[in-house]
2 protein chains.
Amino acid sequence: MVFKSDNDFQMMKTTRSPHTVKTVKSVHAVLEALQQVNHATAQEITDWLSVSKRDNEISLTSVYRALNHLVGKAEVKPLNFNDGQVRYELNTQKMHHHHFVCTQCNHVQVVDVCPFEQILDTLRSTFLIQYHNFEVIGLCESCQN
Amino acid sequence: MVFKSDNDFQMMKTTRSPHTVKTVKSVHAVLEALQQVNHATAQEITDWLSVSKRDNEISLTSVYRALNHLVGKAEVKPLNFNDGQVRYELNTQKMHHHHFVCTQCNHVQVVDVCPFEQILDTLRSTFLIQYHNFEVIGLCESCQN
DNA sequence: GGCAACCATGAAAATGATTTTCATTTACAG
DNA sequence: CTGTAAATGAAAATCATTTTCATGGTTGCC
Ligand SMILES: [Mn+2]
Ligand SMILES: [Mn+2]
Ligand SMILES: [Zn+2]
Ligand SMILES: [Zn+2]
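Small disclaimer: the values here were computed from a predicted structure and weren't measured.

1. Focus on the overall build of chain A
And then number 1: Scanning chain A from N- to C-terminus turns up four helices and five strands.
And then number 2: Traced from its N-terminal end to its C-terminal end, chain A shows the element sequence α-α-α-β-β-β-β-α-β.
And then number 3: Scored against the burial criterion, the 145 residues of chain A give a buried share of 43%.
And then number 4: Here chain A has roughly 8,300 Å² of accessible surface; of this, 51% comes from carbon and sulfur atoms.

2. Description of the pairing of strand S1 (residues 76-80) of chain A
Residues and elements named next belong to chain A.
And then number 1: Within S1, five of the five residues are buried, which leaves it mostly tucked inside the rest of the structure.
And then number 2: Here S1 shows no split at all, with Val76, Pro78 and Asn80 on one side and Lys77 and Leu79 on the other all buried.
And then number 3: Inspection of the sheet shows S1 paired to strand S2 (residues 86-90) by five bridges, in the antiparallel sense. Bridged to valine 76 within S2 is leucine 90.
And then number 4: Hairpin connection between S1 and S2: a loop of five residues separates the two successive antiparallel strands, and asparagine 82 in this loop has a positive phi of roughly 55°.

3. With respect to the packing of helix H1 (residues 25-36) of chain A against helix H3 (residues 60-72) of chain A
All names here are of chain A.
And then number 1: Packing of H1 against H3 leaves a shortest axis separation of 9 Å and a crossing angle of 80°. Looking at the two axes, H1 sits roughly perpendicular to H3. Mapping the contact onto sequence places Ser26, Val27, Val30, Leu31 and Leu34 in H1 and Ser62, Val63, Ala66, Leu67, His69 and Leu70 in H3.
And then number 2: Residue composition of the contact of H1 with H3, grouped by class: eight nonpolar, three polar and no charged.

4. So, unusual backbone geometry
And then number 1: Even without glycine at this site, histidine 39 of chain A takes up a positive phi of about 60°.
And then number 2: Considering the arrangement of structural elements, one finds histidine 39 of chain A in the loop between H1 and helix H2 (42-51).

5. Quick notes on the domain arrangement of chain A
Accessible area lost when the parts come together is the quantity often used to give the size of an interface.
All names here are of chain A.
And then number 1: Partitioning chain A into domains gives domain 1 (1-91) and domain 2 (96-145).
And then number 2: Contact with domain 1, which involves six residues of that partner, is made by seven residues of domain 2.
And then number 3: Together, His39, Phe81 and Asn82 form the three largest contributors to the area buried by domain 1 at its contact with domain 2, with a combined 67%.
And then number 4: Counting across the domain 1 and domain 2 interface gives zero salt bridges.
And then number 5: On inspection of domain 1 and its partner domain 2, the count reaches zero residue pairs in polar contact (both at pLDDT 80 or more).

6. A short note on the pattern of salt bridges
Residue and element names in this part refer to chain A.
And then number 1: Using the criterion set out here, one finds six salt bridges over all chains in the structure.
And then number 2: The residue arginine 87 makes a salt bridge to aspartate 83 at a minimum N-O spacing of 3.1 Å.
And then number 3: The exposure class of aspartate 83 is partly exposed, given its relative accessible area of 29%.
And then number 4: In the salt-bridge network here, residues are joined through shared partners; they are Glu44, Asp83 and Arg87.

7. Here's the deal with the nonpolar core
And then number 1: Judged by nonpolar contacts, the single largest core of 20 residues is most densely connected at Val30, Leu34, Ile45, Leu49, Val63, Leu67 and Val76 of chain B.
And then number 2: Only helix H1 (25-36), helix H2 (42-51), helix H3 (60-72) and strand S2 (86-90) of chain B provide two or more residues apiece to this core.
And then number 3: At six residues, the largest contribution of residues to this core is made by H1 of chain B.
And then number 4: The residues touching leucine 67 of chain B, leaving out its near neighbours within four places in the chain, are Val30, Leu34, Ala42, Ile45, Val76 and Tyr88 of chain B.
And then number 5: In terms of nonpolar packing, the next biggest core, distinct from the first, is built from 19 residues, Trp48, Leu49, Ala66 and Leu70 of chain A among them.

8. With respect to H3 of chain A
Residues and elements named next belong to chain A.
And then number 1: Here H3 spans 18 Å end to end across 13 residues, near enough to the 18 Å set by a 1.5 Å rise per residue.
And then number 2: Residues of H3 that are buried sit in contact with H1, H2, S1 and S2.
And then number 3: Residue alanine 74 follows H3 closely and has a positive phi angle near 60°.

The rules behind each value
- Residues numbered from 1 in each chain as written.
- Chains lettered and ligands numbered in written order.
- Predicted model: local features only at pLDDT ≥ 70, side-chain atom pairs only at ≥ 80, totals over all residues.
- Heavy atoms only, no water.
- Helix = DSSP H or I, 4+ residues; strand = E, 2+ residues; numbered from the N terminus.
- Buried < 20%, exposed > 50% of the residue type's maximum accessible area, 1.4 Å probe, protein only.
- Areas by Shrake-Rupley, 256 points an atom, 1.4 Å probe, with all protein chains shown as cover.
- Pairing = 2+ DSSP bridges.
- Axes fitted to C-alpha atoms, helices over the stretch in contact; angles between N-to-C directions.
- Parallel < 35°, antiparallel > 145°, perpendicular 65-115°, else oblique.
- Contact = heavy atoms within 4.5 Å.
- Nonpolar A, V, L, I, M, F, W, Y, C, P; charged D, E, K, R; others polar.
- Domains from an automatic or database assignment.
- Buried area = accessible area lost by both parts, 1.4 Å probe.
- Salt bridge = Lys/Arg side-chain N within 4 Å of Asp/Glu carboxyl O.
- Polar contact = N/O pair within 3.5 Å; in protein donor to acceptor, adjacent residues only side chain to side chain.
- Core = buried A, V, L, I, M, F, W, Y, C linked by side-chain atoms within 4.5 Å.
- Expected span 1.5 Å × (residues − 1).

Printed below as a string of structure tokens:
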């Protein structure tokens, strides 16, 4: 679930005075993990944190919570490679890019151009395209209030 | 699972003589359903078939099997709107298009242009883009044998 | 027709990813 | 300190999808 606004991850500040807001452990840990392992699943993030153990080992549950929080704040982007689990990556505009996923070896080729122009044609020389997904997620006119 | 070639949906003809191949009930039913309800989940397809009941009512299990078969043959395309379930649509090139999914009301706006050019800019006038996914699925060079 | 192999189907069980619940700990404000 | 609210993790619950298994239907052949 991309987590709507209702149970919105216990807002991280609520009634507490503003200066109280600090980097919650799990959120910080997940961000750190995602800088190291890109396109990672929640489980992979948890594993990475438990291996490179400092004060950062957190539970799978908390990883999911932090990920949902970060997706809600658009700091992290969920990815679907149609392999049955959600993958995540940092949503820094600097490294905006797309993916070519091999359905056989699962290799992910990063394409760091975005203006889609002739991407597909360029790609077709080496990659056998079976299909592509292009989904834009956001708020429609009426939902923007 | 997008179903690799291993357990490949019991090939539908195998040792039987070629002319034996006929439209298996569940595959036919699913195709018919997808012509009526676009972007449908397996459950929605099953529901539609049970409502518009003729000789087409089939089990959820068979719907999944037929969908995996059709995806493998590229007749059906799986879609991910990041809502936790896979949606499907016919892969006829004639109606090739993309989607804008509202994360609040789940409304799906169909965009029937594909040459991506200024799609995003055009969209931005009415749609508040939170993020977009563009994934190309296929076979990398080494996997094409 | 009758037989044998093969295949399609559905019900129920199993899986696997993700979310929820609940009890416990931690952190801060006063 | 002390009380309140947030953060956390373990276990249970969900939920979509796959697998297993038993059964009945087709097909090709004698
Ligand atoms: Mn990436
Ligand atoms: Mn569509
Ligand atoms: Zn490959
Ligand atoms: Zn909307």
